[in-house]
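So you can see what is in the structure, the chains are spelled out below.
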Amino acid sequence: MQWIALQWRPEDAAATPSSDSPAPRPAPELPLSLEALGWWALRYTPRVAWLDEALVLEVSACERLWGGRQGLMRLMVADNPVPRSRLQKVQGATAHVALARLRLFARGQKPPADIPAALPLHTLTAARPHLDVLARMGCRTWGDVAALPRGGLSRRFGAALREALDMAWGLRPERHTWLTLPDSFEQKLELPALAENAHELMWSANRLLAALQVWLRVRQRGVLALELEWTLDLKRYNGVDLPPHQHITVRTAEPTQDMAHLRRLMSERLALTQLAAPASWLRLRSIETTPWAGASTSFLPEDNRKGDKLHELVERLSARLGPREVLVPVVQADHRPEGMQGWQPALRKGAPSVKPKPAKEANAAAQQPDALFPPWLLREPLPLEMRDGHPCYQGRLRSLVGPQKLEAGWWGDRGGDEGGHPAVRDYYVAESPEAGLVWVFRERPSGCFAAGDVRWFLQGLYA
């Protein structure tokens, strides 16, 4: 078996500890939690465990997939999840040997030639409580202790020391608590100080977002919805009972692993949220995720456009201005020009952004070859003045093309005339002396109108 031991140390940390005390676990200033660092290592092998202050990986079964052990170690350095910290890495035949070599490396000492027998005793965790007694017995290395009688060693120092030595020499199988990846993301974080505003809350949320990114990449999923919850430090404020928690929900139109975009969305939502009281704890959990297809690559230049995606811009504007201030068009099943398209919020509550339907789903009237739709439609048809039986708009209109007949709205929905009557129309392309080409229609007599109730309306304008 082959093991790799990893440890993250801040760049400004001292290279050599001042005593023989065990090296500390990853520093609190690291942006990722121990759990997230373990998730990151699961990308390379399923056998990952924490052993004291180090993360150990058993790679004998998978190192060939990464180009060998040295190739795997170079890949892990290049993909360091904590770029501001130095990743220290060593290898060994067993987890205890790898950990001992890592401790020597952290102190700037070279490993001995005879491993594990010549390893210093202070590098073995099970021997550290007994270093003084073992030193008085003349034991300085792992081999010195291993040479002692087994029965007397176990009775004097406990079975753990003998078991650790046996595992170091490969005489008994190693036992570790292997890390597993949860099915959904959820992490809590105690804030270093009470957060009193959205900016302070977002500063701490960045650490949770970094852990979320690791989880998404290992799970190969994209997130669609997140919930950020904070615990209020007060139960009453100004005589008013407060809930124990507050939360916001962030949704995206498409699955994403882009933490920069999620960070902007979360900042916009927090900026519009009033904290009822200072917060002491923060929790981030995934509400909805989906398998991640990844990004496709192409040699075509149009596939490498710079700038933000349209749906990301829509989501940020909706979070900043409010969902009802950013609208998108929606195709409707209606042949009447004024009813073919509706508008609704780009971000509906509890649902992703609305995407316009493809052109092929538009109604058949808009796709007829003889449908001369103008580029500019009026929001509401404008009634035209009649002079000597002719419609007028900035002068008397002269018919050029038409009529194009349309009968719709017979179901009497809200898109029909005020009284729920069907639309029975003849459309014309006409010319106005002042306005140029216009699109007008005449209401044809039907069972709803008398013969003399014919009305003309302006529907659109041509450039």
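Relevant structure appears above.
The model shown is predicted, which means the values in this text are computed figures rather than measured ones. (Residues numbered from 1 in each chain as written. Predicted model: local features only at pLDDT ≥ 70, side-chain atom pairs only at ≥ 80, totals over all residues. Heavy atoms only, no water.)

Turning next to the overall build of the protein chain. Counting its regular elements, the protein chain contains 10 helices and 19 strands. Per-residue burial over the protein chain gives 43% buried out of 463 residues. Taking contacts inside the protein chain between residues at least 6 apart in sequence as the whole, the part at least 24 apart equals 63%. With an accessible surface of roughly 25800 Å², the protein chain has 53% of that area assigned to carbon and sulfur atoms. (Helix = DSSP H or I, 4+ residues; strand = E, 2+ residues; numbered from the N terminus. Buried < 20%, exposed > 50% of the residue type's maximum accessible area, 1.4 Å probe, protein only. Contact = heavy atoms within 4.5 Å. Areas by Shrake-Rupley, 256 points an atom, 1.4 Å probe, with all protein chains shown as cover.)

We now examine the pattern of salt bridges. According to the stated counting rule, one finds 20 salt bridges in the structure shown. In this structure, arginine 283 and glutamate 186 form a salt bridge, with 2.9 Å as the shortest nitrogen-oxygen distance. You can see arginine 283 sitting in strand β10 (residues 279-291) and its partner glutamate 186 sitting in strand β5 (residues 186-195), a full 97 residues away along the chain. A salt bridge links arginine 398 to glutamate 431, with the shortest nitrogen-to-oxygen separation between them at 2.5 Å. Separated by 33 residues along the polypeptide, arginine 398 in strand β16 (residues 398-408) and glutamate 431 in strand β17 (residues 423-432) bring together distant segments of the chain. The structure contains a network of salt bridges with shared partners spanning Glu186, Glu227, Glu229, Arg283 and Arg285. (Salt bridge = Lys/Arg side-chain N within 4 Å of Asp/Glu carboxyl O.)

Further remarks concern the packing of helix α1 (residues 34-41) against helix α8 (residues 198-219). Direction vectors running N to C along α1 and α8 enclose 25 degrees, while the axes themselves pass 9 Å from each other. By the angle class used here, α1 and α8 are roughly parallel. Crossing handedness for the pair α1 and α8: left-handed. Contacts between α1 and α8 involve Ala36, Trp39 and Trp40 from the former and Ala211, Val214, Trp215 and Val218 from the latter. Residues that form the contact of α1 with α8 fall into these classes: seven nonpolar, no polar and no charged. (Axes fitted to C-alpha atoms, helices over the stretch in contact; angles between N-to-C directions. Parallel < 35°, antiparallel > 145°, perpendicular 65-115°, else oblique. Left-handed = near helix turned anticlockwise from the far one by under 90°. Nonpolar A, V, L, I, M, F, W, Y, C, P; charged D, E, K, R; others polar.)

Attention shifts here to the pairing of β17. Of all 10 residues in β17, nine are buried, a share of seventy percent or more. Sheet analysis places β16 next to β17, joined by eight bridges and oriented antiparallel. Bridge pairing in β17 places arginine 398 opposite glutamate 431. Of the pairings in the sheet, the one linking β17 to strand β18 (residues 436-443) comprises eight bridges and is antiparallel in character. Bridged to serine 432 within β18 is glycine 436. Linkage of β17 to β18, two consecutive antiparallel strands, is achieved through a turn of three residues. (Pairing = 2+ DSSP bridges.)

A few words on helix α7 (residues 159-168). With seven of its 10 residues buried, α7 lies for the most part within the structure. Those residues of α7 that sit buried are Leu161, Arg162, Ala164, Leu165, Asp166, Met167 and Ala168. Positive phi shows up at glycine 170, right after α7, with a value of about 75 degrees.

Attention now goes to the packing of aromatic side chains. Describing an aromatic ring pair means giving the distance of the ring centres and the angle of the ring planes. Going through the model one piece at a time under the given rule, you end up with 10 aromatic pairs. Considering the side-chain rings of tyrosine 44 and tryptophan 66, the 5.2 Å spacing of their centres and the 65 degrees angle between planes classify their relative orientation as edge-to-face. With tyrosine 44 in the loop between α1 and β2 (48-51) and tryptophan 66 in the loop between β3 (54-58) and α2 (68-78), the pair connects residues that are 22 residues apart, well separated along the chain. Its relative accessible area of 5% is what places tyrosine 44 among the buried residues. With a centroid separation of 5.1 Å and 45 degrees between ring planes, the pair formed by tyrosine 427 and phenylalanine 441 is classed as tilted. Residue tyrosine 427 is found in strand β17, and its partner phenylalanine 441 is found in strand β18; the two are separated by 14 residues along the sequence. Tyrosine 427 gets classed as buried once you look at its relative accessible area, which sits at 3%. (Phe/Tyr/Trp six-rings, centres within 6.5 Å; stacked < 30°, edge-to-face > 60°.)

Further remarks concern a nonpolar patch on the surface. On the surface, Leu372, Leu400, Val401 and Leu437 cluster together into a nonpolar patch covering about 300 Å² of accessible area. Its place among the elements puts leucine 400 in strand β16. (Patch = residues over 30% accessible without salt bridge, like charges linked within 9 Å, V, L, I, M, F, W, Y side chains within 5 Å.)

Another aspect to go through is the sheet that holds β5. Hydrogen bonds between backbone atoms are what pair the strands of a sheet, whose relative direction is either parallel or antiparallel. Pairing is antiparallel across the open sheet formed by four strands, whose spatial order is β5-β10-β6-β9. The open sheet is flanked by β5 and β9 (245-256), the only strands paired with a single partner. On average, adjacent strands in this sheet sit at an angle of 20 degrees to one another, irrespective of strand direction. Where strand β6 (residues 221-232) meets β10, 11 bridges bridge the pair, whose relative direction is antiparallel. Counterpart to arginine 221 in the pairing with β10 is proline 291.

Membership of the largest hydrophobic core comes to 57 residues, with the highest contact counts inside it found for Leu212, Trp230 and Met266. Per-element tally for this core: the top contributor is α8, with 12 residues. When neighbours within four sequence positions are excluded, leucine 212 is seen to be in contact with Phe185, Leu226, Met259, Leu262 and Leu284. Val97, Leu124, Leu153 and Ala164 belong to the second-largest nonpolar core, a separate cluster that totals 17 residues. (Core = buried A, V, L, I, M, F, W, Y, C linked by side-chain atoms within 4.5 Å.)

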